[in-house]
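# Per-entry structural report
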Amino acid sequence: MSDRFKGMVLEGKLDLPFSYSAGRTASRFFIELRDHQRIMGKRCPRCNRVIVPAQLFCKECFTKTDDWVEVGPEGTLITFTVVYRKESHHPKDAPLAYGIIRLDGADTSLVHLLAETDVAQLQPGRRVRAVFSKKRIGHILDINHFEMA
Ligand SMILES: [Zn+2]
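Now for a description of the structure that goes with this document. (Residues numbered from 1 in each chain as written. Predicted model: local features only at pLDDT ≥ 70, side-chain atom pairs only at ≥ 80, totals over all residues.)

## Here we look at unusual backbone geometry
The line we're drawing: A run of DSSP states H or I qualifies as a helix once it reaches four residues; a run of E qualifies as a strand once it reaches two. Both are numbered from the N-terminal end.
Following V52, the chain continues into P53 via a peptide bond in cis, with omega recorded as -5°. Note on placement: P53 falls in the loop between β2 (50–51) and β3 (68–71). Geometrically, the link from A94 to P95 is a cis peptide bond, its omega value of -5° lying close to zero. As for its position among the elements, P95 is in the loop between β4 (74–83) and β5 (96–103).

## Comments concerning the pairing of strand β7 (residues 127–132)
Quick reminder of the rule: Two strands pair if DSSP finds at least two bridges between them.
Judged from the three bridges that link them, β4 and β7 form a sheet pairing that is antiparallel. Along β7, the bridge assignment pairs E74 with R129. Relative to strand β8 (residues 143–148), β7 runs antiparallel, the two sharing five bridges. Within the sheet, the bridge partner assigned to V128 lies in β8 and is M148.

## Quick look at the sheet that holds β3
The three strands are arranged β2-β1-β3 in an open sheet whose pairing can be described as antiparallel. Every interior strand has two partners, whereas the edge strands, β2 and β3, have only one. By the bridge criterion, four bridges tie strand β1 (residues 39–43) to β3 in an arrangement that is antiparallel. The residue of β3 that forms the bridge with M40 is E70.

## Considerations on helix α1 (residues 23–36)
Going by this rule: Working rule for helices: expected span equals 1.5 Å times residues minus one. Counting other C-beta atoms within 10 Å of a residue's own tells you its class, since 20 or more makes it buried, 12 or fewer makes it exposed, and anything in between is partly exposed; those C-beta atoms are placed from the backbone. Here the arc refers to the directions that run from the helix axis out to each C-beta atom. Contact definition: two residues whose C-beta atoms, as placed from backbone geometry, lie within 7 Å.
Here α1 is 14 residues long and its end C-alpha atoms lie 19 Å apart, about the 20 Å a rise of 1.5 Å per residue gives. For α1, the full list of buried residues reads F29, F30 and L33. Projected down its long axis, α1 shows its buried positions confined to an angular sector of 85°, all on one face. Of the exposed residues in α1, those oriented more than 90 degrees away from the buried face are R24, D35 and H36. If you follow the buried residues of α1, they end up packed against β1 and β8. Looking at the residues trailing α1, positive phi occurs at Q37, about 50°.

Right, here's the structure in full:
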């Protein structure tokens, strides 16, 4: 058999707008951000973890979550990364920093933007605080970023 028709790898790029149904749990999470500037999690009735952002099921024990719990708006920076390369999929121009943040009252962490991009200031264990956007639309970026507390 000839190699003439060997499989090829073709390069491409997709940039597709899309819509999806967020479901009741995620919808409430985003509505609380938009209308009340509250960050909400849900408590797992079996393992007692508070999951943020709120999820319908606990990923640890697969139990349906019950109680809504307000967390933050302050928390602890677990770790971070600073991005120096401009890419269209980032919500801000470079340099920008992403942090993994454990909000007060939560047992899971949230990935979000940090105002600080100076690695000398970004230390795990630093306290951070959510800064909400003035114009909120029901989106994770209704939290504009986290600043040093
Ligand atoms: Zn659980």
